[in-house]
Every structure is written in structure tokens, then in C-alpha cells.
Amino acid sequence: MSLEAPQRDCEYVTYFPLNITPLAGSALREGRTDASAGFGVYIHVPLCDRICPFCNYNKFPAESHSGPLVEGMLREIVGYDTVVSPSVRKLDFVYFGGGTPSVLRPSEIRRLLDRLRERFDLDDTEVNLECHPSHATVEYLAGLRSAGVNRISFGVQSFQDEVLSGIGSYHRAAQSLACTGNARAAGFDNIAIDLMFMLPGQDRASWQRELDVALEQGPEHISLYRMLLDPAGPLGRSVRFGRTKPQGGEALELELAALGLEVIGGDGYRHYGSCSSAGFDLCRPGTESAYEMCHRAAPQSEYVGIGPGAVGYLNGHVYWNVHTIREYLDVVSGGDPAVLAGRRLTDSDHRSRYWVLGVKHLAVPLAPFEERFGTTVTDAFPGVIDRLAGHGLAELGDDTLTVTPRGVHYMDNISKSFFNADNARLPQPYKPELQLLSVELFGTTA
């Protein structure tokens with residue numbers, strides 16, 4: 001066996017397939033909803049009080065947008081009543097992502113959930129909302145809990161003021177430190193926090209302090225993410241022009257990643273997912289994110305994407321919503337889903353997607369793949385498993401393909417090894433390209 005490492009890929013494979021084209025929302029009516037692996041709703045709230053200079057997600061200043069946006073999302077939810085097959089009633093997850101969903105008032109969150117309850121059963125649904133630390137007062141969190149949110153996740157990023165200031169975050173360490181306690185006081189018993197490493201100027205000692213403080217907070221779930229710095233973004237430009245300390249190199253990244261897994265994993269948290277080559281999800285037993293397990297773990301569930309820039313997987317289609325708020329509101333006023341682009345998956349796409357996303361949860365079951373597609377992974381992807389095993393990245397057992405501890409640092413390499421010919425070497429679709437497509441189709445930029 002050769003353990004010579006392949007060139008490490010850190011693109012962060014989030015979506016598949018990638019060969020998308022303009023798609024009408026009416027196309028989602030083709031096909032039947034498959035809820036055999038679960039079903040959920042992702043709601044993207046692309047609003048922020050202020051725009052952090054390191055963030056690459058679809059977002060806009062909140063200002064006066066929240067009221068019209070909520071009305072638009074309510075209309076979009078109604079539009080899916082006849083798109084989702086009538087037999088689908090139960091939701092496994094509702095996930096409010098962003099942006100900053102916590103710019104919405106609890107009453108607005110309640111309206112959205114009540115509208116979903118008119119169509120779906122939410123009795124046992126995990127309802128998660130991403131909350132900014134600056135919003136995490138006991139009063140606000142109690143309002144969310146009363147509205148029906150039962151899992152809360154905080155993008156604390158850091159517990160150190162100098163680090164937060166260095167990356168342009170507008171909350172302070174005291175607010176990061178208050179999140180978990182305030183959430184407990186508000187009635188939450190399922191709490192997640194996100195930490196970032198490889199921040200400009202960060203070293204091992206600084207990262208060790210972050211990890212120690214995270215454990216002191218005692219959340220159910222801790223995610224560790226490498227900062228993916230867009231060289232064209234505000235923080236990337238600041239680093240390039242020497243105004244901000246640079247990130248360390250790959251050797252430091254691997255050292256910090258290994259330290260994070262060792263420290264958090266050594267305190268009873270289970271490493272159950274690696275969203276990328278440098279993104280790790282760890283949790284107390286039984287508190288895995290339903291959203292992560294449904295939309296990535298194999299076999300993946302279908303789900304509806306609501307809101308500007310939301311991504312969905314429904315009726316055999318992967319799709320992206322229009323990104324800007326003005327065009328989103330225009331489209332949903334017509335009654336159709338606000339779809340910008342997407343693709344109806346071929347059999348080959350479905351076979352690849354099972355593994356491209358499935359490996360991110362470290363242990364991929366073989367039987368569902370063989371039952372659905374009538375083939376084995378070794379026959380469907382000749383030579384791939386041998387190459388992964390030869391590099392020490394994965395091991396094939398009798399009933400499971402398992403990513404090794406070495407392999408978690410090469411997650412994007414592993415995912416890409418299962419790309420079919422139609423998607424090989426295509427980049428992940430990101431906001432700038434999709435916004436340009438929006439301009440071409442709709443002529444709006446805001």
C-alpha cells in the first residue's frame with residue numbers, strides 16, 4: 001500500500017451536480033417527491049445587520065428588507081403546496097440559515113413556521129435557527145423557543161476580542177461567551193456553536209484557548225471550520241495589501257485541525273461529519289444535526305429551498321433560487337418557486353451524488369446504493385476505491401465505506417473522486433457567478 005499523499009484539495013465541495021443551467025420554477029413539478037430518506041425545508045434569510053468582510057454567503061444589509069422578504073417567503077411556501085407530492089406530510093428538519101436569520105423577529109419566525117404547519121407535520125421536526133451572538137439575549141431566544149425553534153446555533157467564530165476585531169466581526173467576546181448560558185435560560189437543550197480556525201495571524205496557542213473555552217460552554221454540538229478567505233473579498237484584499245496579518249500555511253492548518261479534533265473529541269464529542277477538507281462537526285451522542293444528516297448523509301433526503309439564494313433538492317432536481325431580493329419578490333408574486341438555475345439529475349448524477357455528499361459523514365452504507373442502482377460501488381466507480389485505499393483515505397468493509405482519520409483532511413479529494421464525467425473538473429457554483437446569471441435573466445443587481 002502506498003501512503004504517498006495526493007495533492008490536497010480544499011475547494012469545499014458543497015453541491016452536486018454542478019453542470020447547472022437556467023431553470024424555470026415550473027420544472028420542479030416534473031417528477032414525484034421522494035421522501036423515503038426523509039424530507040425537510042431549508043429557509044435562507046440573506047439579511048445581516050452589517051456585512052462581515054470574511055463572509056462569502058448570499059447576504060444583503062437588513063435595513064427595511066425583512067418585512068417584504070417574510071411576505072415573499074410566505075408566498076413561496078404556498079407555491080410549493082402543489083409541487084411537493086401530496087403524500088409527503090412529515091418534515092425531519094426546518095433549517096433557518098443565512099445571512100443572519102436572527103435579524104427576523106420571533107413573530108416573523110412564528111409566521112413562517114405556522115405556514116409550514118398548514119401543509120406539514122412538524123410535531124417531531126428539528127427546527128434550527130442560526131443566531132448571531134449580538135442578538136442572543138434571553139428575551140429574544142425565549143421568543144424563538146416559544147415560536148417553535150428547538151435547536152439554536154451560534155456563529156461565535158471566536159471567544160477573543162482581538163481575533164474578532166481582526167476579522168471584522170461586529171460582536172464581541174462577551175457576547176460569544178453569553179450565548180450558551182442565555183440559550184439554556186431561554187429553554188434550549190440543543191445548542192450548537194461554530195468556531196473558525198486559520199484566521200489571519202492565528203497560532204496554535206490562540207486556537208487552544210478557543211477550544212478550551214468552547215468546552216467550558218458545554219454545547220451539544222461544536223463545528224470547527226477553516227476560514228476560506230476569498231482573495232477578492234474585503235478581508236482578502238486587506239491581507240493582500242498588508243493591512244491584516246496573513247493566514248498560516250497548510251502545515252499550520254493541518255496542525256490546528258488535528259488539535260481541534262483531539263481536544264473536542266477527547267471530551268466526549270463524536271466526530272460524525274467533515275463538510276470539507278477542513279470542516280468538522282462534532283456532537284454529544286444523539287445530537288447530530290438533522291439537517292446535516294438528512295441532506296448530506298447517504299442516502300440523501302430531498303428538501304425544499306425557500307428564500308433568495310436558497311438551494312433545494314426536490315422531485316429529482318437540484319436547484320438554486322434567484323439571489324437578489326428584488327427579483328426574488330417579483331418572481332414569487334407570480335406563484336411559482338423562485339428558481340434561477342438547476343438540473344434534473346440523470347441516473348449517473350444520482351449514483352455520484354450518493355457518494356460525493358455521503359462520504360462527508362465518514363461511513364457510507366453500501367446496501368442502499370446496491371439496492372437502488374443494482375451495482376456495487378467498485379463496479380460503478382472502477383479503480384476509485386483502490387486509489388482511495390492506496391492513499392490511506394478510505395477503507396471498504398463488508399457493508400460500509402469508511403473515511404479514515406487521515407482521509408478527513410482530504411475530504412474534497414474524496415468527494416471529487418466520485419464525480420461523473422459530466423461534472424469532472426467543474427467548479428462549485430458560488431454567489432458571484434449566480435448573481436451574474438441573475439442579471440442576464442432579470443436585469444437586476446440589488
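Above this note sits the structure.
Quantities reported herein were computed from a predicted structural model and do not represent experimental measurements. (Residues numbered from 1 in each chain as written. Predicted model: local features only at pLDDT ≥ 70, side-chain atom pairs only at ≥ 80, totals over all residues. Heavy atoms only, no water.)

Considerations on helix H2 (residues 106-117)
The end-to-end C-alpha distance of H2, which contains twelve residues, comes to 16 Å, matching closely the 16 Å that a straight helix rising 1.5 Å per residue would cover. Buried within H2 we find Pro 106, Glu 108, Ile 109, Leu 112, Leu 113, Arg 115 and Leu 116. (Helix = DSSP H or I, 4+ residues; strand = E, 2+ residues; numbered from the N terminus. Expected span 1.5 Å × (residues − 1). Buried < 20%, exposed > 50% of the residue type's maximum accessible area, 1.4 Å probe, protein only.)

Notes on the nonpolar core
Residues Met 73, Leu 141, Ile 152, Phe 154, Leu 224, Trp 355 and Phe 418 are the most contacted members of the largest nonpolar core, which totals 123 residues. Of all the elements, helix H8 (residues 250-265) adds the most residues to this core, at seven residues. When neighbours within four sequence positions are excluded, Trp 355 is seen to be in contact with Val 364, Pro 365, Leu 366, Phe 369, Val 377, Phe 381, Leu 401 and Phe 418. Among the nonpolar cores identified, the runner-up in size contains five residues, and Val 163, Ile 167, Met 196 and Leu 199 belong to it. (Core = buried A, V, L, I, M, F, W, Y, C linked by side-chain atoms within 4.5 Å. Contact = heavy atoms within 4.5 Å.)

Re unusual backbone geometry
Here the residue pair Gly 98 and Gly 99 is connected by a cis peptide bond, since its omega of 15° sits within 30 degrees of zero. Along the polypeptide, Gly 99 turns up in the loop between strand S5 (93-98) and H2. For Asn 315, which is not glycine, the phi torsion reads 50° and is therefore positive. In this structure, Asn 315 sits in the loop between strand S13 (311-314) and strand S14 (317-321). A positive phi angle is found at Leu 362, which is not glycine, with a value near 70°. Residue placement: Leu 362 occurs in the loop between helix H11 (347-358) and strand S16 (363-365). By relative accessible area, which is 11% here, Leu 362 ends up buried.

Description of the pattern of salt bridges
One pass over the full model with this rule turns up 22 salt bridges. For the salt bridge of Glu 126 with Arg 151, the shortest nitrogen-to-oxygen distance reads 4.0 Å. Note that Glu 126 is positioned in strand S6 (residues 126-131) and Arg 151 in strand S7 (residues 151-157), a separation of 25 residues in sequence. Summarising the burial analysis for this pair, Glu 126 and Arg 151 share the class buried. Via salt bridges that share partners, Arg 8, Arg 226, Glu 250 and Glu 253 belong to a single interconnected network. (Salt bridge = Lys/Arg side-chain N within 4 Å of Asp/Glu carboxyl O.)

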